[in-house]
Amino acid sequence: MKTQQLGIDIGSTNAKICFVENSRTAFSAVLPHDGDVARAVAELLERWRRATGGEGVPVVVTGTQARHRFRIPDVIVPMAIETALEALSLRPKAVVSMGGEDLVVYPVNDNGRITGTFAGNKCASGTGEFFLQQLGRMDLELDELDSACLEARILKLSSRCSVFMKSDCTHRLNKGEATPGDIALSLCKVMSDKVSDFLTQARIDSG
């Protein structure tokens, strides 16, 4: 007898869907929703139906933009993460969620339970959407990062505010003080520094 479950996650910029059959991922997809969550979810469900012929499957929804939007069961993000860790038999010391508009570190105890959250302020600097916007301004795609950053160097950017950081990037590029690869690598460094800071706050010092 087949066991099936459909999960929908609505983040600040993307809608995600994952169909699990007999404890294995049978279908998954990600789609930017551009603020129109209903359209994105409808399209993802149609892709799922075409790929699997599925219907009548139990559904659960999670994510920052998901609650109260659908008349189906919803769970908070930490609970979804705990369930995923258990299903995958993973016991990390922390889970890092790097979304379009936020960055969150969830410390995890030895029993696989989340014990707190460490999150940034609402400034866009160091978030996924800001990162993608800056790549777009330099005509860079995500899959070009490896080659673009191959000979790049890390520059210190004004990381406290997205407006100052954007100006800093633009100024250095216009003055010829940096290549697009330098800027991309430096933005990666800003994001990784934020993760490291939250891990330190959470007292995750090994593993």
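Residues numbered from 1 in each chain as written. Predicted model: local features only at pLDDT ≥ 70, side-chain atom pairs only at ≥ 80, totals over all residues. Heavy atoms only, no water.

Undergrad: I'd like a rundown of the overall build of the protein, residues and numbers included.
TA: Helix and strand content of the protein: six helices and seven strands. Starting at the N terminus and ending at the C terminus, the protein contains elements arranged as β-β-β-α-β-α-β-β-β-α-α-α-α. By principal-axis analysis of the C-alpha atoms, the protein measures approximately 65 × 40 × 30 Å. Relative to all contacts within the protein whose residues are 6 or more apart in sequence, the contacts with residues 24 or more apart total 49%. Surface summary for the protein: the accessible area is close to 12,700 Å², and the carbon and sulfur share equals 51%. Computed over 24 positive and 26 negative side-chain charges, the separation of the two mean positions in the protein equals 4 Å. (Helix = DSSP H or I, 4+ residues; strand = E, 2+ residues; numbered from the N terminus. Contact = heavy atoms within 4.5 Å. Areas by Shrake-Rupley, 256 points an atom, 1.4 Å probe, with all protein chains shown as cover. Lys, Arg positive; Asp, Glu negative; His and termini not counted. Charge placed at Lys NZ, Arg CZ, Asp CG, Glu CD.)

Undergrad: Lay out the layout of surface pockets with the relevant residues and their values.
TA: Space inside the largest pocket adds up to approximately 790 Å³. What lines the largest pocket is a set of 25 residues, among which Gly-7, Cys-18, Val-20, Ala-80 and Ala-84 lie closest to the centre. For the lining of the largest pocket, the elements supplying multiple residues, two or more each, are β1 (4-10), β2 (14-21), β3 (24-32), β4 (59-62) and α2 (77-87). The calculated volume of the second largest pocket comes to roughly 570 Å³. If you go around the second largest pocket, you meet 25 residues; those closest to its centre are Asp-9, Val-77, Ser-97, Asp-102 and Tyr-106. (1 Å grid on protein atoms, 1.4 Å probe; cavity = no way out; pocket = protein on both sides within 12 Å on 5 of 7 lines; lining within 4 Å. Points joined across faces, edges and corners; volume = space filled by probe spheres on them.)

Undergrad: Describe in detail the sheet that holds β1, supporting the description with residues and values.
TA: Taken in spatial order, the four strands line up as β3-β2-β1-β4 in an open sheet, and their pairing is mixed. In the strand order of this sheet, the two ends are held by β3 and β4, each with one partner. The average undirected angle you get between the axes of adjacent strands in this sheet is 15°. When β2 meets β3, the two strands line up antiparallel, connected through eight bridges. Following the sheet pairing, Glu-21 is matched in β3 by Arg-24. (Pairing = 2+ DSSP bridges. Axes fitted to C-alpha atoms, helices over the stretch in contact; angles between N-to-C directions.)

Undergrad: A description of the environment of Asn-109 should follow, citing residues and the corresponding values.
TA: Inspection of the secondary structure puts Asn-109 in the loop between β6 (103-107) and β7 (118-119). Once the C-alpha coordinates of Asn-109 and Ile-154 are considered, the two residues, 45 residues apart in sequence, prove to be 35 Å apart. At 2.9 Å, the side chain of Asn-109 forms a polar contact with the backbone nitrogen of Arg-113. (Polar contact = N/O pair within 3.5 Å; in protein donor to acceptor, adjacent residues only side chain to side chain.)

Undergrad: Quick rundown of the sheet that holds strand β5 (residues 94-98)? Include the residues and the values.
TA: A sheet is described by the order of its strands in space; here three strands give the open sequence β5-β6-β7, paired in antiparallel fashion. Two strands close off the open sheet at either side, each with one partner strand: β5 and β7. Sheet strands in contact with helix α6 (residues 180-201) are β5, β6 and β7, and its direction is about 30° off that of β6.

Undergrad: Can you lay out the environment of Asp-110 for me, pointing to particular residues and giving the numbers?
TA: Mapped onto the elements, Asp-110 comes out in the loop between β6 and β7. Measuring from C-alpha to C-alpha, the distance between Asp-110 and Pro-92 comes to 8.4 Å, with 18 residues separating the pair along the chain.

Undergrad: Describe the pairing of β2, listing the residues and the values that go with them.
TA: Across seven bridges, the pairing between β1 and β2 is antiparallel. By the bridge assignment for β2, Gln-5 is matched with Val-20. Counted between consecutive antiparallel strands, the loop separating β1 from β2 contains three residues. In this structure, the hairpin formed by β2 and β3 is closed by a connection of two residues, where Asn-22 is found at a positive phi of approximately 50°.

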